[in-house]
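Residue-level structural notes
Read off the chains here:
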Amino acid sequence: YGYLTNIIKDVQHELNIHLPVNHATIRQRLNRKSITTRLQCGPSSSMMKLEPLLLEFVHQCHRIRQPFTKKEFLALANSLIKNTDTEKVLDFKAQSFHSISNQLGDGYWRGFHEFESMYDGIYDIMVEAKVAKRLSTPIICVVC
């Protein structure tokens, strides 16, 4: 571990990073000759295109001290997908899984809220590690 530990410490010092680095992770990536992670992802969310817009709505409302309630958030999200391909996906899921509703509900609210919390936490860590900086006006990228 001595040589690898020294390399990690040197790089952390050089980049001013104060986060722990797992030696086993470095070794695994070296063994497979790949520095990127291998993610086993399922299908993309049909809401992926709209989530940056929803996130921006939520953040703007928080800034003016008018946060969304769960009911208001779900009403907004469902109105954004009305008469779109995403609504067709929800119709299909409702029929295929014998669901009561073809609208976004509690599960989507919980997942979105967890994502928002995770995003804020990761963003803070990236700023602290000096690999990102906070902008006065956020830039929201919508993937089309």
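Just so you know, these numbers come straight off a predicted model, no measurement behind them.

Summing up its helical and strand segments, the chain has six helices and zero strands in all. Secondary structure elements in the chain, listed N-terminal to C-terminal, are α-α-α-α-α-α. A total of 144 residues make up the chain; the buried ones form 20% of that total. At a minimum sequence separation of 6, the contacts of the chain that also span at least 24 residues come to 55%.

The subject of this paragraph is the nonpolar core. Met47, Leu54, Phe73, Ile81, Leu104, Tyr108 and Phe112 are the most contacted members of the largest nonpolar core, which totals 14 residues. Contributing elements (two or more residues each) for this core: α3 (51-63), α4 (70-81) and α6 (106-128). Top contributing element to this core by residue count: α4, with five residues.

Inspection of the secondary structure puts Asn78 in helix α4. Setting aside residues no more than four positions away along its own chain, Asn78 makes contact with Gln103 and Leu104.

Let us look at α3. The end-to-end C-alpha distance of α3, which contains 13 residues, comes to 18 Å, matching closely the 18 Å that a straight helix rising 1.5 Å per residue would cover. Burial in α3 covers these residues: Pro52, Leu54, Leu55, Glu56, Val58, His59 and Cys61.

Bringing the environment of Leu53 into the picture now. Mapped onto the secondary structure, Leu53 falls in helix α3. Taking the C-alpha atoms as reference points, Leu53 and Leu80, 27 residues apart in sequence, are found 9.6 Å from one another.

Next up on the list: the packing of α3 against α4. At a minimum axis separation of 11 Å, α3 and α4 run at an interaxial angle of 145°. For the pair α3 and α4, the crossing hand works out as right-handed. Judged by residue contacts, Leu53, Leu54, Phe57 and Val58 of α3 engage Phe73, Leu76, Ala77 and Leu80 from α4. The class makeup of the residues in the contact of α3 with α4 is eight nonpolar, no polar and no charged.

Of note, Asn16 is a non-glycine position whose phi angle comes to about 55°, a positive value. Relative to the assigned elements, Asn16 resides in the loop between α1 (2-15) and α2 (23-31). Residue class for Asn16 comes out partly exposed when judged on its relative accessible area of 30%. A positive phi angle, near 60°, is found at Arg65, a position not held by glycine. With respect to the helices and strands, the residue Arg65 is situated in the loop between α3 and α4.

Attention shifts here to the confidence of the model for the chain. Residues with a pLDDT of 70 or more make up 76% of the chain, whose mean pLDDT is 76. Element-level pLDDT for the chain is lowest in helix α5 (residues 85-96), with a mean of 72, against a maximum mean of 87 in α4.

Turning our attention to α4. Along its 12 residues, α4 runs 17 Å from first to last C-alpha, staying within 8% of the 16 Å computed at 1.5 Å per residue. For α4, the set of buried residues is Phe73, Leu74, Leu76, Ala77, Asn78 and Ile81.

Remark: α1 packs on α2, axes separated minimally by 11 Å, with the N-to-C direction vectors making an angle of 100°. Between α1 and α2, the crossing angle belongs to the class labelled roughly perpendicular. Where α1 approaches α2, its residues Leu4, Thr5 and Ile8 are matched on the opposing element by His23, Ile26 and Arg27. Each residue belonging to the contact of α1 with α2 can be placed in one class, and the counts come to three nonpolar, two polar and one charged.

Conventions and cut-offs
- Residues numbered from 1 in each chain as written.
- Predicted model: local features only at pLDDT ≥ 70, side-chain atom pairs only at ≥ 80, totals over all residues.
- Heavy atoms only, no water.
- Helix = DSSP H or I, 4+ residues; strand = E, 2+ residues; numbered from the N terminus.
- Buried < 20%, exposed > 50% of the residue type's maximum accessible area, 1.4 Å probe, protein only.
- Contact = heavy atoms within 4.5 Å.
- Core = buried A, V, L, I, M, F, W, Y, C linked by side-chain atoms within 4.5 Å.
- Expected span 1.5 Å × (residues − 1).
- Axes fitted to C-alpha atoms, helices over the stretch in contact; angles between N-to-C directions.
- Left-handed = near helix turned anticlockwise from the far one by under 90°.
- Nonpolar A, V, L, I, M, F, W, Y, C, P; charged D, E, K, R; others polar.
- pLDDT = per-residue confidence, 0-100.
- Parallel < 35°, antiparallel > 145°, perpendicular 65-115°, else oblique.

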